[in-house]
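As a plain string of letters, each chain reads:
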Amino acid sequence: MHGLLRSALSLLALNPSQLPLDSNANGVQLQTPPAPAAFSKRIAIVGGGMSGIYTLKTLLADLPQEVTKSWEIVLFEERGGVGGVWLPDGTEPHPPNVPKTPLYPRLRTNTPHPIVMLPHFPFPPLTPLYPNHTFVLHYLESIVSHWNLSSHVRLRHEVLETRWAGTNASGHWALTARGAEGDLVHAKFDHLIVANGHNRYPAEPYIEGRTEWETSVPGRLVLHSVYYRDPEAYRGRNVIVVGGGPSGRDLALQIVGSANSTYASVRTNPAYPDDFPDIPGVTRVPEIARFTRDTIVLKDNTTLTHIDTVLLATGYDRRVDFLEAGGGLTRIPRGARVHDPADAPELTNSGRYMRPLFRHVLSLAPTYPLGALYFVGVPIIVSNAMSDSAQALFVAHTLANPALLAQRSTFLADLRAQEALAVARAGHVDTPGHRIVGPGGGADYQDGLVGFLQQHGLGGRGGVPPTGTPFTEGWRRLCAEHTAGMLRRAWARVEGGGYKAIRHWLRGVHTEAQWANLTARLLEWERQKEDTEGSYTPSPMFIPDW
């Protein structure tokens, strides 16, 4: 069924005339735009991945229809389908060309899917607890289908520029996109929601001597993880994976079964927990200090002389090129001096951190009205679906009721407190960037955003839980706490029992409540197993053929 949906969306993408446009690049009128009074609000969402799809669904399905029936809501996606990073590009990427997605064939979620799903819209029965990318893509496509969102989606429309035309009291966004046929198309919007993701442009650290080391011996290779696709490409090589995040862990786990030797270079930071797992066959070493012609020198002054491949799982540079092109975002150096957010004359981006944003969502830049510019999907190291859903609710309800955004000074004070917490913990706001700091992590962040709506009388309305009911249920918090630990070990043990064991656990699990019960049962089962048998260590190359 999802194939039919994709075909329908592709046909829609080939017809740019369905979007109200002003003119093409040659000044030829493409379609007479509606009269200004035709829409009470015009809203553009940029990005058709998880953040964009969840936002579109929230606007159209959670808000009352009588509120949104006079709104124009358009989602722009530059690729030929929805899904964002979960949509394969079908190419073999090579530097310097950056692929559209870092997705590799064996990619699986690093969180259990019950906390990847929209509230009350579970994944299909028999979905593995940590599914591969095809399940996630089909799930996102099913959201578009279930809520009939396709008429609002413009595929193969790459947004090139968004420029604010107006004052800090009123105006519009002048949006320029490259359409499906290569023509430039133009449209005006009152509100812009940026949901373009942050896992595309490689962030590679400067390491002294890299070029000399890489070029002195034929066959040596330094490559960012965005180009990784198949562990067999590293058969017989001596590999060091740099980075201790999800990508670093996943690459080390996959490559160890093919490489001659595998090392993991992991930086330790006292501000954050060290959760890099013990992987049989992978030798953990400190950070790389520098390269010489013949060696890799580590921070503890030990050296590696036999390495021929360095894989940089070092994260991504946060970019919003279309905002920069329109003058709405300014790049600044990482680690630049941080002024009081109230003194920020514009929206800035260091590649790790954008400011001034209230709770990583609402732009507080003084050049346009509050509510003119939102971001969804900015936080990292969170349960993305719940974080995106909470942000989308905040966006939707503040668009429906702009009076909720009356006090800019209150939002600035909140940002000031959040940044002070980041500086106290890590020394600079760029260090955590948009990582959620604080004891409650992402769950408290989500509850805080939705709590803002509850405090303003929206409890029990438009997807907001009743006042006094947390947005993040206890079972979701439990999943998030154990996602990289006991719950992952439990599911690995289940998979180690083969397909019969997997189906035994998944049989009869359909509803959100049943998935919640499954995770609780798995955690208790794994506790008992570890008490009697110890932790389970899966084969590094065990990849279920789903």
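Residues numbered from 1 in each chain as written. Predicted model: local features only at pLDDT ≥ 70, side-chain atom pairs only at ≥ 80, totals over all residues. Heavy atoms only, no water.

*Asks:* How should the overall build of the protein chain be read in this particular structure?
*Replies:* Each helix and strand counted, the protein chain has 14 helices and 23 strands in total. By the compact-globule yardstick of 24 Å for 546 residues, the protein chain fits well, its C-alpha radius of gyration being 24 Å. Dimensions of the protein chain, computed from C-alpha atoms along their principal axes, come out at roughly 65 × 55 × 50 Å. Relative to its 546 residues, the protein chain shows a buried fraction of 51%. Looking at the protein chain alone, contacts between residues at least 24 apart form 66% of all its contacts between residues at least 6 apart. (Helix = DSSP H or I, 4+ residues; strand = E, 2+ residues; numbered from the N terminus. Rg over C-alpha atoms; globule rule 2.2 N^0.38 Å. Buried < 20%, exposed > 50% of the residue type's maximum accessible area, 1.4 Å probe, protein only. Contact = heavy atoms within 4.5 Å.)

*Asks:* Is there a simple way to explain unusual backbone geometry in this structure?
*Replies:* Only a minority of non-glycine residues have a phi that is not negative, and only a minority of peptide bonds are not trans. Following Pro95, the chain continues to Pro96 via a peptide bond in cis, the omega torsion being 5 degrees. Note on placement: Pro96 falls in the loop between strand 2 (71-76) and helix 4 (133-146). The linkage connecting Arg355 with the following residue, Pro356, adopts the cis geometry, with an omega of 5 degrees. A positive phi is found at Leu126, a non-glycine position, where the angle reads about 70 degrees. Within the secondary structure, Leu126 sits in the loop between strand 2 and helix 4. At Asn148, a residue that is not glycine, the phi angle is positive and equals roughly 50 degrees. Residue placement: Asn148 occurs in the loop between helix 4 and strand 3 (153-154).

*Asks:* How should I be thinking about the sheet that holds strand 11 (residues 261-265) in this particular structure?
*Replies:* Strand pairing in a sheet relies on backbone hydrogen bonds. The paired strands run either parallel or antiparallel. Spatial ordering of the open sheet is given by 9-16-10-11-12, a layout of 5 strands whose pairing is parallel. The sheet is open, and its two edges are formed by strand 9 (221-224) and strand 12 (282-285), each paired on a single side. Strand-to-strand twist across the sheet, computed as the mean angle between neighbouring axes with direction ignored, equals 20 degrees. For strand 10 (residues 238-242) and strand 16 (residues 309-312), the ladder comprises 4 bridges, and the chain directions are parallel. Residue Ile240 lies in a different strand from strand 16, and its bridge partner there is Val310. (Pairing = 2+ DSSP bridges. Axes fitted to C-alpha atoms, helices over the stretch in contact; angles between N-to-C directions.)

*Asks:* Just checking my understanding: could you explain the packing of aromatic side chains for this structure?
*Replies:* Geometrically, a pair of aromatic rings is defined through the distance of the ring centres and the angle of the planes. Taken as a whole and assessed by the stated rule, the structure comprises 16 aromatic pairs. Considering the side-chain rings of Phe76 and Phe189, the 5.9 Å spacing of their centres and the 90 degrees angle between planes classify their relative orientation as edge-to-face. With Phe76 in strand 2 and Phe189 in strand 6 (residues 184-189), this residue pair connects regions lying 113 residues apart in the sequence. The exposure class of Phe76 is buried, given its relative accessible area of 1%. (Phe/Tyr/Trp six-rings, centres within 6.5 Å; stacked < 30°, edge-to-face > 60°.)

*Asks:* What should I look at first to understand the pattern of salt bridges in this one?
*Replies:* Under the definition given, this model contains 29 salt bridges. For Lys57, the salt bridge goes to Asp62, with nearest N and O atoms at 3.1 Å. For the salt bridge of Asp317 with Arg331, the shortest nitrogen-to-oxygen distance reads 3.3 Å. Pair noted here: Asp317 is in strand 17 (residues 316-317) and Arg331 is in strand 18 (residues 330-331), with a separation of 14 residues, a long-range link. (Salt bridge = Lys/Arg side-chain N within 4 Å of Asp/Glu carboxyl O.)

*Asks:* Is there a simple way to think about the side chain of Arg355 in this case?
*Replies:* Inspection of the secondary structure puts Arg355 in strand 20 (residues 354-355). Here Glu419 takes part through its side chain, which lies 2.7 Å from a polar atom of the side chain of Arg355. Among all residues touching Arg355, those that are not within four sequence positions of it are Val338, His339, Asp340, Pro341, Glu346, Leu347, Thr348 and Glu419. (Polar contact = N/O pair within 3.5 Å; in protein donor to acceptor, adjacent residues only side chain to side chain.)

*Asks:* I tried to follow the side chain of Arg229 on my own but got confused; where do I start?
*Replies:* Along the polypeptide, Arg229 turns up in the loop between strand 9 and strand 10. A polar side-chain atom of Arg229 sits 2.9 Å from the main-chain carbonyl oxygen of Thr101. Here Val226 takes part through its backbone oxygen, which lies 3.0 Å from a polar atom of the side chain of Arg229. Here Arg229 is in contact with Asp89, Thr91, Glu92, Pro93, Pro99, Thr101, Pro102, Leu103, Tyr104 and Pro105, once residues within four sequence places are set aside.

*Asks:* What exactly am I supposed to notice about helix 9 (residues 408-426) here?
*Replies:* Residues three or four positions apart in an α-helix share a direction because the helix packs 3.6 residues into each turn. Helix length check: helix 9, at 19 residues, gives a terminal C-alpha distance of 27 Å against a target of 27 Å (1.5 Å per residue), a fit within 8%. Among all positions in helix 9, only Phe411, Leu412, Asp414, Leu415, Glu419 and Ala422 are buried. Seen end-on, helix 9 carries its buried residues on one side only, within an arc spanning 160 degrees. On its buried face, helix 9 is in contact with strand 20, strand 21 (357-358), strand 22 (362-363) and helix 10 (441-458). Just beyond helix 9, the residue with positive phi is Gly427, at close to 95 degrees. (Expected span 1.5 Å × (residues − 1). Arc of directions from axis to C-beta.)

Purely geometric numbers; function is a separate question.
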